[in-house]
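Understanding the architecture of this molecule
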Amino acid sequence: MNNSHISRRSVLKGLAAGSAVSSVSFARAKPGGAAPDIVVVGAGVFGSWTAWNLQRKGHKVLLLDAWGAAHSRASSGGETRLIRTEYAGNAFYTGWAWESLAEWQALSHRHESPIFHPVGALYLYPEDVPKIDTSIAIQRALNIPIEKLTTPAMAKSWPQINFDGIAVGVLQPTMGALMARRSVQTIVGEFVNAGGRFRRFAVDAPRSDKVRLDTVFGTGGEKLPADRFIFACGPWLPKLFPDAVGARITPTRQDVFFFAPAAGDSRFDGTHLPAWVDLSTPDHHYGFPDIESRGFKIALDAHGPKIDPDTNDRRITDEALADVRTYLARRFPDIAPRPLAESRVCQYENSGNGEFLIDRHPHWENVWIVGGGSGHGFKHGPAVGRYVANLALGEAKAESRFALISHPLP
Ligand SMILES: Cc1cc2nc3c(=O)[nH]c(=O)nc-3n(C[C@H](O)[C@H](O)[C@H](O)COP(=O)(O)OP(=O)(O)OC[C@H]3O[C@@H](n4cnc5c(N)ncnc54)[C@H](O)[C@@H]3O)c2cc1C
């Protein structure tokens, strides 16, 4: 074992001694204790990195989640998330993704179980348009390794893919897959080990007639006072803040499928196939190689129907499965007839324009709202956490792209 690793056992010991990430160890956690400086509500990727950063800056932080860190219905739950800096020429998100990658790698190095698998990321384009070269230039200026590939070159490297309808590819060899649930639970584990407090606690919609919020209430009536509050509640933000957020964020249903490769067939594992995004289809299919033996993953980036994160059953439909097999039969013909190993229904929490929504509450000066990951937020967790921590402490200039005013109600 590498000495720079924090062992999983020491993280778990810390959780059991103080607070808890999982519901099992939560049962041993004690409510109460000294009032925190800052309460962060929501232990998804945004809230967890925010709490971690605030705690590192020396603040007494209490992190709360109604169901636990990266639980199965959170937008940060599930297996894998793509990290890439290919952002259609958007220099801001390219930069944030690149900065975040370094922090994800550092987190991965500190622990025994991998957080990041550098399988590479391959973008498939139906046309060679100037925007592709603009995006490549932005990345090269940051020294991000990136290659533009012809279709014959790709067909030689990945004979398991049929490149019909593809004009050009862009490979980012150092990008890849973040382990979603594991990484969020690991960052919460580090936060707790370093003295932060985590509780499984459902917060009621906040209320105050003043210009500040002094306290939040739990659904059981318990009061939690603090100086500052950060609500990083993903697809639940519209319910907690019907006026301030409301229709500015729309949760949509997103189906995810894992197919089982044949025994001994390594063509679909991470040593032979990168993560990929196919921009030639209106649905923008994307997927991952078989990582940690979960199966070949495929999903659609197109927004599904509206979903209520609290009430909807998480079952894929026969139609969605049939559509995915039809796509696979064309692009990945040898995986198409393989059995479905597993499926999940998650949700995006979309803003109107795909920008994150991060701003001070319009009435309460000590409350910040953080969300709107819009199907691409996960990779940015470290950058979002650092930005929100600085913002809440008055140490960062607010980015207008994230402001409530930049997200007009539809
Ligand atoms: C299928 C799918 C694929 C995706 N793929 C990618 C990808 O490849 N790359 C990428 O970068 N991003 C991707 N994303 C987007 C990314 O995962 C999300 O934007 C991100 O995880 C959102 O994190 P969050 O912390 O805002 O929300 P969440 O993870 O939902 O966290 C919010 C938390 O708040 C808690 N909460 C809510 N209300 C309360 C309350 N009243 N009291 C206490 N706690 C509360 C919830 O329990 C929840 O745990 C994908 C998302 C999905 C669903």
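Refer to the structure above for everything that follows.
First, a word on what this report is: a plain description of the structure on this page. Here the structure is a predicted model, which means the values were calculated and not measured.

Examining helix α10 (residues 381-392)
Note: α-helices contain 3.6 residues per turn, so residues at a spacing of three or four share the same orientation. The terminal C-alpha atoms of α10 lie 16 Å apart, and with twelve residues this matches the ideal 16 Å at 1.5 Å per residue to within 8%. For α10, a buried count of ten out of twelve residues is recorded, marking the element as mostly surrounded by other parts of the structure. On its buried side, α10 packs onto β1 (38-41), α3 (45-56), α4 (91-109), β12 (228-231), β18 (357-360) and β19 (367-371). Once α10 finishes, Gly 394 follows within two positions and takes phi at roughly 75 degrees, a positive value.

Observations concerning the site of the ligand
Contacts to the ligand come from 38 residues, most closely from Gly 42, Gly 44, Gly 234, Gly 373 and Gly 377. Among the elements of the structure, α3, β2 (61-65), β3 (80-83), β13 (249-259) and β17 (340-351) are those that each provide at least two residues to the shell around the ligand. Across the shell around the ligand, the residue classes break down as 21 nonpolar, 14 polar and three charged. Counting only domains with at least three residues in the shell around the ligand, you end up with domain 1 (8-74 + 181-247 + 354-406) and domain 2 (118-176 + 249-350).

Here's the deal with the sheet that holds β2
Read from one edge to the other, the open sheet built from six strands follows the order β9-β2-β1-β12-β19-β18, with strand pairing classed as mixed. Because the sheet does not close on itself, it has two edges, and the strands there are β9 (197-200) and β18. When strand polarity is set aside, the average angle formed by the axes of neighbouring strands in this sheet is 15 degrees. Alignment of β1 against β12, held across four bridges, turns out to be parallel. Across the sheet, the residue bridging to Ile 38 is Arg 228, located in β12. Packed onto the sheet, α3 meets β1, β2, β12 and β19 and runs at close to 170 degrees relative to β2.

Some words on the sheet that holds strand β8 (residues 176-179)
Spatially, β3-β8-β4 is the arrangement adopted by the three strands of the open sheet, whose pairing is antiparallel. Every other strand in the sheet has two partners, leaving β3 and β4 (116-117) as the edge strands with one partner each. As paired elements, β4 and β8 share two bridges and run antiparallel to each other. Bridge pairing links Phe 116 to Leu 178 in β8. Of the strands in this sheet, β3 and β8 are in contact with helix α7 (residues 180-193), which crosses β8 at around 55 degrees.

Topic: unusual backbone geometry
Both trends apply: most residues other than glycine have a negative phi, and most peptide bonds are in trans. Phi at Ala 88 takes a positive value of approximately 50 degrees, unusual for a residue other than glycine. Here Ala 88 lies in the loop between β3 and α4. Even without glycine at this site, Ser 293 takes up a positive phi of about 60 degrees. By secondary structure assignment, the location of Ser 293 is in the loop between β15 (285-288) and β16 (296-300). Judged by C-beta crowding, with 9 C-beta atoms within 10 Å, Ser 293 ranks as exposed.

Quick word on the packing of α4 against α10
Working note: a packed helix pair is described by the angle between its axes plus the distance between those axes. At a minimum axis distance of 7 Å, the contact between α4 and α10 shows a crossing angle of 100 degrees. Taken together, the axes of α4 and α10 lie roughly perpendicular to each other. Across the interface between the two elements, Trp 96, Glu 99, Ser 100, Glu 103 and Trp 104 from α4 touch Gly 381, Pro 382 and Ala 383 from α10.

Structural notes on the nonpolar core
Across soluble globular proteins, nonpolar side chains show a tendency to be buried alongside one another. One finds Val 39, Val 41, Leu 63, Ile 230, Phe 231, Val 370 and Val 388 to be the most contacted residues of the largest nonpolar core, which totals 104 residues. Counting contributing residues, this core receives three or more from each of domain 1 (8-74 + 181-247 + 354-406) and domain 2 (118-176 + 249-350). Setting aside chain neighbours within four positions, we find Val 388 in contact with Thr 50, Ile 230, Ile 358, Trp 368 and Val 370.

As for the pairing of strand β7 (residues 168-172)
Most of β7 sits inside the fold, with four of its five residues counted as buried. Relative to β7, strand β5 (residues 121-125) is paired through five bridges, and the arrangement is antiparallel. Each residue of the ladder has a partner; that of Ala 121, found in β7, is Gln 172. Of the strand pairs in this sheet, strand β6 (residues 147-150) and β7 are connected by four bridges, and their pairing is antiparallel.

So, the environment of Val 203
Mapped onto the elements of the fold, Val 203 is located in the loop between β9 and β10 (215-217). By C-beta crowding, Val 203 is classed as buried, having 22 other C-beta atoms within 10 Å. Not counting residues within four places of it along the chain, the set of residues in contact with Val 203 comprises Val 41, Leu 64, Val 216 and Gly 218.

Section: the packing of α3 against α7
One way to put it is that α3 packs onto α7 with a least axis distance of 9 Å and a crossing angle of 25 degrees. Judged by the inter-axis angle, α3 sits roughly parallel to α7. Relative to α7, α3 is oriented so that their crossing is left-handed. Seen from α3, the contacting residues are Val 45, Ser 48, Trp 49, Ala 51, Trp 52 and Gln 55; seen from α7, they are Val 184, Ile 187, Val 188, Glu 190 and Phe 191. When the residues that make up the contact of α3 with α7 are grouped by side-chain class, the tally is eight nonpolar, two polar and one charged.

So, how was this worked out
Residues numbered from 1 in each chain as written. Predicted model: local features only at pLDDT ≥ 70, side-chain atom pairs only at ≥ 80, totals over all residues. Helix = DSSP H or I, 4+ residues; strand = E, 2+ residues; numbered from the N terminus. Expected span 1.5 Å × (residues − 1). Buried ≥ 20, exposed ≤ 12 C-beta atoms within 10 Å, placed from the backbone. Contact = placed C-beta atoms within 7 Å. Near = placed C-beta within 6 Å. Nonpolar A, V, L, I, M, F, W, Y, C, P; charged D, E, K, R; others polar. Domains from an automatic or database assignment. Pairing = 2+ DSSP bridges. Axes fitted to C-alpha atoms, helices over the stretch in contact; angles between N-to-C directions. Parallel < 35°, antiparallel > 145°, perpendicular 65-115°, else oblique. Core = buried A, V, L, I, M, F, W, Y, C linked by C-beta atoms within 7 Å. Left-handed = near helix turned anticlockwise from the far one by under 90°.

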